[in-house]
Amino acid sequence: MKLLFVASECAPFIKTGGLADVIGAVPKALAALGVDVKVLIPAYPALADLAARGSELAHFPDLFGGDARLIAVTAEGLNLLLLEASHLFDRPGNIYLDAKGGDWADNHLRYGALSKVGAEVATGALTNWHPDVLNVHDWQAGLVSAYLRQAGKPVPPLVMTVHNIAFQGLFDAKVLRALGLQKSLFTPSGMEYFGQLGFLKAGLAFSDRITTVSPTYARELVSSEFGMGLDGLMRARQADLSGILNGIDLEAWNPETDAELAQTYSVRGLKGKAANRTALEARFGLKPNPDTPLFCVVSRLTSQKGLDLLLECLPGLVGRGARLALLGSGEAALERAYAEAASRYAGSVGVIIGYDEGLSHLMQGGSDAILIPSRFEPCGLTQLYGLRYGTIPVVARTGGLADTVIDANPAAMAENCATGIQFTPITALALDQAIERTCALFAQPKLWQAMMRRAMRHPIGWDRSAAAYLALYQSLLDERGAS
Ligand code: ADP
Ligand code: GLC
């Protein structure tokens, strides 16, 4: 089976969040099942060296106002198709945002171009490789489906994967013309969203199947509370919607080999974790205290992640003698509030504002628990990294957080199966109680260590989910074959 992935990020080459981790990992797991996968992403500046050693497969002399090329290169076990279009992607800084922190004004052209080229590859742009199935990810690849609708020839089946319905790619309807999209597709049952063009909406309306990244989020998406205005469409397409839980790359995230750690460790030898804790305390200027947990946060600082709730809990956390190390960047008000908290609670709360992949590994290695109080969370990966590193996840009961962490309630403790702490409702009070429960468990070293070991043994690789994706693709091909 030949499969084309289209996405805007892919780890370890270019990453702003969990989407990249998933796009960098699933293709490898699918390849192990015999699938021939190619991943189409833009050739941002960070990928320039990679593109330079690739080979040109296709040339588009005028892709929305400039010259573009499709470059094939294999790296880190992935077969990449890099869309080189300097007028669209050769920009400094964040891939989505300009220097002032606003969206690039031509994001519709940038990701319209990615989608258009995805559709071209699907309909024969490459001489030697024709995909049997497409899987496109998030709004940036949503228009692939629209371009396929207007291709005027048979097209492969298409799966649209929603990693976060909060990001919909909405643009003024007047961009339709520049994108070369037919007006006939611009209807409320198609890609129109209350007078605007919706990239994600197109993907949801025109795809053969929709997946999202956890079973609980799949159920949540059809509700007005979580559907972000697209819940009606999600309800209409419920029969085609399924949740396939994210896994993690077990090689990239492995405490036994992780080069970013001060000391590696394993489920059989947890001792090394202490050296990482010491390194983290030094890095964040925290006072050591072996009797209380060192909590961490590694996150985008946005309202999705509920970190305003954690601010309210800091007096309680510090009052219990616990410490917090936070690494994150995002909304200016949250960045400021955490910087202030770090000076108010110096020695107990340490904050680094920024994005640092290496440090994110050390945080998983050196903390006792990771806090994830998200208001909604399609899957979440940092709780999975926490499990793998024996860093107990303390999570809001929502989306993929609900599906991946087993709460240390009395029944789970009696059965020896708890791997973390869940709390609900998603309020500061419930989060504070969860922090208190965590401190109480930490004070019982035998129970705590047993929980760490269970967390580390919990299966979170891609095997099962890759098989689920493969079964989905196969069912689409079988349907086509039968018709
Ligand atoms: P989301 O994609 O919604 O941001 P996920 O939990 O799925 O949430 O994935 C976030 C990914 O980004 C994880 O790999 C996490 O380690 C990483 N990450 C988030 N913030 C930072 C940061 N400031 N520095 C380094 N890595 C970060
Ligand atoms: C999105 C979601 C996150 C998910 C990630 C990868 O960024 O916010 O919950 O883990 O995509 O699927």
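Each value, and the rule that gives it
Residues numbered from 1 in each chain as written. Chains lettered and ligands numbered in written order. Predicted model: local features only at pLDDT ≥ 70, side-chain atom pairs only at ≥ 80, totals over all residues. Heavy atoms only, no water. Core = buried A, V, L, I, M, F, W, Y, C linked by side-chain atoms within 4.5 Å. Buried < 20%, exposed > 50% of the residue type's maximum accessible area, 1.4 Å probe, protein only. Contact = heavy atoms within 4.5 Å. Helix = DSSP H or I, 4+ residues; strand = E, 2+ residues; numbered from the N terminus. Pairing = 2+ DSSP bridges. Axes fitted to C-alpha atoms, helices over the stretch in contact; angles between N-to-C directions.

Here we take up the nonpolar core. In terms of nonpolar packing, the biggest core is built from 160 residues, with Leu30, Met191 and Leu310 touching the most fellow members. Contact partners of Leu30, with chain neighbours within four places excluded, come to Leu3, Phe5, Val35, Val37, Ala466, Tyr469, Leu470 and Tyr473. Leu280, Leu327, Ile370 and Leu401 belong to the second-largest nonpolar core, a separate cluster that totals 16 residues.

In this section: unusual backbone geometry. Pro12 follows Ala11 through a cis peptide bond whose omega is 0°. As for its placement among the helices and strands, Pro12 is situated in the loop between strand S1 (2-6) and helix H1 (18-32). The step from Thr424 to Pro425 runs through a cis peptide bond, and the omega angle for that step is 0°. Its place among the elements puts Pro425 in the loop between strand S18 (421-423) and helix H17 (428-442). One non-glycine residue, Phe64, lies in positive phi territory at about 50°. Looking at the secondary structure, you find Phe64 in the loop between strand S3 (55-60) and strand S4 (68-75).

We now examine the sheet that holds strand S11 (residues 209-212). The nine strands lie next to each other as S3-S4-S5-S2-S1-S6-S7-S11-S12, forming an open sheet whose pairing is mixed. Sheet topology places S3 and strand S12 (241-243) at the edges, where each strand pairs with a single neighbour. Averaged over all pairs of adjacent strands, the angle between their axes in this sheet comes to 25°, without regard to strand direction. Sheet strands touched by helix H19 (residues 463-482): S1, strand S6 (133-137), strand S7 (158-162) and S11. Its angle to S11, the strand with the most contacts, is close to 175°.

Function cannot be read off these values alone, since they describe shape.
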